[in-house]
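These are the residues of each chain, in order.
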Amino acid sequence: MESTSTDWERIYAFPALSRTDSECWERCSSYCCNPRRVTQNFCFFPRKGSELLILPGELEYLRRVQGMQQGCEESLRELRVPISSARTISVYRVTCTLEGRCSAREFRPLICRMYPLFPIVAPDGRVTGLAPFSLFDALFSMLKVDSPCVLCQVSLIEVDNFLSLCAELFKDPVNVFLVMAAHQYKTHMIDRLITHYPELSKEPESTFFSKWEKLFLTGKLTDQSALLRELASIADRIEVTFGAGSLGPLPEPRIDSTHSPGTCE
Ligand code: SF4
Ligand code: SF4
């Protein structure tokens, strides 16, 4: 399959699920922009605002059209997601503290436009299912508690638009990798929570999130080497479809100096 980069203008032309006309935030106090119901239980994580991930080409697009939300440029951090021990893909993390009052509404980031649906994508870019978008929503679902988001029931036309947006987005193997990696990370953490701390899901919501924060911050919810193997396996499967090196340059082959040509043995 031929590798392609993302047409961000086309992606941003699709209607967002959280639309201006639905005024959904009036019924949930802008939960997706400020998940206070969860963060009020935290001691260490910030209690205000929302952490957003911006995809690599998306950052350049938003800068070019001057669409970065107020305050986001100042909080920008680069995250390097490992594809293997020798390769990484960068995504960007920003903190939005606008609490639903986007400073450039038509340019709110893709992550805000797709919420509350998270596409489950196959290595060839096909969407095979839908899941709760955020880790907190996945945890609500695990606790069998309704998410505060009232948009979880969307119309057929909205699902159709969403799938068209995904078809455009997943022409680019880098986007396929990052979305599959995000899903794997969530699944990995939830599986570990269930297998290592089965009693936790019986706690009331407030103590559950307070204990969850401590486990998360002390790294107990991830097995780093297992996660790296899972990400490498995803990358391999994507490059089988899109072509070797489609996720970025392959590492130079290592020359073992003890066996290099001309070395006397
Ligand atoms: S949480 Fe859901 S209902 Fe609330 S503002 Fe966000 S998209 Fe709308
Ligand atoms: S950009 Fe807008 S929709 Fe996205 S988190 Fe910020 S205020 Fe909410």
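Here goes a summary of the coordinates provided.

When helices and strands are counted, the protein chain shows nine helices and five strands. Scanning the protein chain from its N terminus toward the C terminus, one meets helices and strands in the order α-α-β-α-β-β-α-β-β-α-α-α-α-α. Considering the protein chain as a whole, with its 265 residues, one finds that 28% of them fall into the buried category.

So, on to the site of ligand 1. Around ligand 1 lies a shell of twelve residues, among which Cys24, Trp25, Cys28, Cys32 and Cys149 are the nearest. Here the shell around ligand 1 is built from residues that sort into ten nonpolar, two polar and no charged.

It is at 10 Å that the axes of helix α7 (residues 173-196) and helix α9 (residues 224-242) come closest, and there the two elements cross at 150 degrees. With respect to α9, the element α7 is oriented roughly antiparallel. Crossing angle aside, the handedness with which α7 passes α9 is right-handed. Note on element contacts: α9 touches α7 through Leu227, Glu230, Leu231, Ile234, Ala235, Ile238 and Phe242, opposite Pro173, Val176, Phe177, Met180, Ala181, Gln184 and His188. In terms of residue class, the contact of α7 with α9 is made up of eleven nonpolar, two polar and one charged.

Moving on: the sheet that holds strand β1 (residues 50-54). Pairing is antiparallel in the open sheet, where three strands are placed in the order β1-β3-β2. In the strand order of this sheet, the two ends are held by β1 and β2 (77-82), each with one partner. When strand polarity is set aside, the average angle formed by the axes of neighbouring strands in this sheet is 35 degrees. On top of the sheet, α7 reaches β2 and β3 (88-96); it is set at about 65 degrees to β3, its chief contact.

Looking now at the nonpolar core. Ile89, Tyr115, Val176, Phe177, Leu178 and Leu247 are the most contacted members of the largest nonpolar core, which has 45 residues in total. Ranked by residues supplied to this core, first place goes to α7 with seven residues. Setting aside residues no more than four positions away along its own chain, isoleucine 89 makes contact with Val81, Ile83, Val174, Phe177, Leu178, Leu247 and Gly248.

This paragraph deals with helix α6 (residues 156-169). Helix length check: α6, at 14 residues, gives a terminal C-alpha distance of 20 Å against a target of 20 Å (1.5 Å per residue), a fit within 8%. Restricting attention to buried positions, one finds in α6 the residues Phe162, Leu165, Cys166 and Leu169. Buried residues along α6 cover an arc of 100 degrees about the axis, so they all sit on one side. Opposite its buried face, α6 presents the exposed residues Leu156, Ile157, Asp160, Ser164 and Ala167, each directed more than 90 degrees away. Considering only its buried residues, α6 is in contact with α1 (8-13), β4 (117-121), β5 (127-132) and α7.

All right, on to the site of ligand 2 then. Lining the immediate surroundings of ligand 2 are Cys33, Ser50, Leu52, Gln69, Cys96, Leu98, Gly100, Cys102, Arg108, Pro109 and Cys112. Split into classes, the residues belonging to the shell around ligand 2 amount to seven nonpolar, three polar and one charged.

With an omega of 15 degrees, the peptide bond between tyrosine 115 and proline 116 qualifies as cis. Mapped onto the fold, proline 116 is located in the loop between α4 (110-114) and β4. At serine 29, a position not held by glycine, the phi torsion is positive, near 55 degrees. With respect to the element layout, serine 29 can be found in the loop between α1 and α2 (36-39). The partly exposed category is assigned to serine 29, around which 14 C-beta atoms lie within 10 Å. Although it is not a glycine, glutamate 99 adopts a positive phi angle of roughly 50 degrees.

What follows covers the pairing of β2. Across the six residues of β2, zero count as buried, placing the element largely on the outside. Here six bridges tie β2 to β3, and the two strands are oriented antiparallel to one another. In the sheet register, glutamate 78 faces β3, and the bridge partner there is tyrosine 92. Here β2 folds back onto β3, and the loop between the two strands holds five residues.

Note that serine 75 resides in the loop between α3 (56-64) and β2. Setting aside anything within four residues of it in sequence, one finds serine 75 in contact with Val94 and Thr95.

When β4 meets β5, the two strands line up antiparallel, connected through five bridges. Residue pairing in the sheet places leucine 117 in a bridge with proline 132 of β5. Between the end of β4 and the start of β5, which pair antiparallel, lie five residues, with glycine 125 showing a positive phi angle near 95 degrees.

Rules of the game
Residues numbered from 1 in each chain as written. Chains lettered and ligands numbered in written order. Predicted model: local features only at pLDDT ≥ 70, side-chain atom pairs only at ≥ 80, totals over all residues. Helix = DSSP H or I, 4+ residues; strand = E, 2+ residues; numbered from the N terminus. Buried ≥ 20, exposed ≤ 12 C-beta atoms within 10 Å, placed from the backbone. Near = placed C-beta within 6 Å. Nonpolar A, V, L, I, M, F, W, Y, C, P; charged D, E, K, R; others polar. Axes fitted to C-alpha atoms, helices over the stretch in contact; angles between N-to-C directions. Parallel < 35°, antiparallel > 145°, perpendicular 65-115°, else oblique. Left-handed = near helix turned anticlockwise from the far one by under 90°. Contact = placed C-beta atoms within 7 Å. Pairing = 2+ DSSP bridges. Core = buried A, V, L, I, M, F, W, Y, C linked by C-beta atoms within 7 Å. Expected span 1.5 Å × (residues − 1). Arc of directions from axis to C-beta.

Without other data, these values stay purely geometric and don't point to any function.
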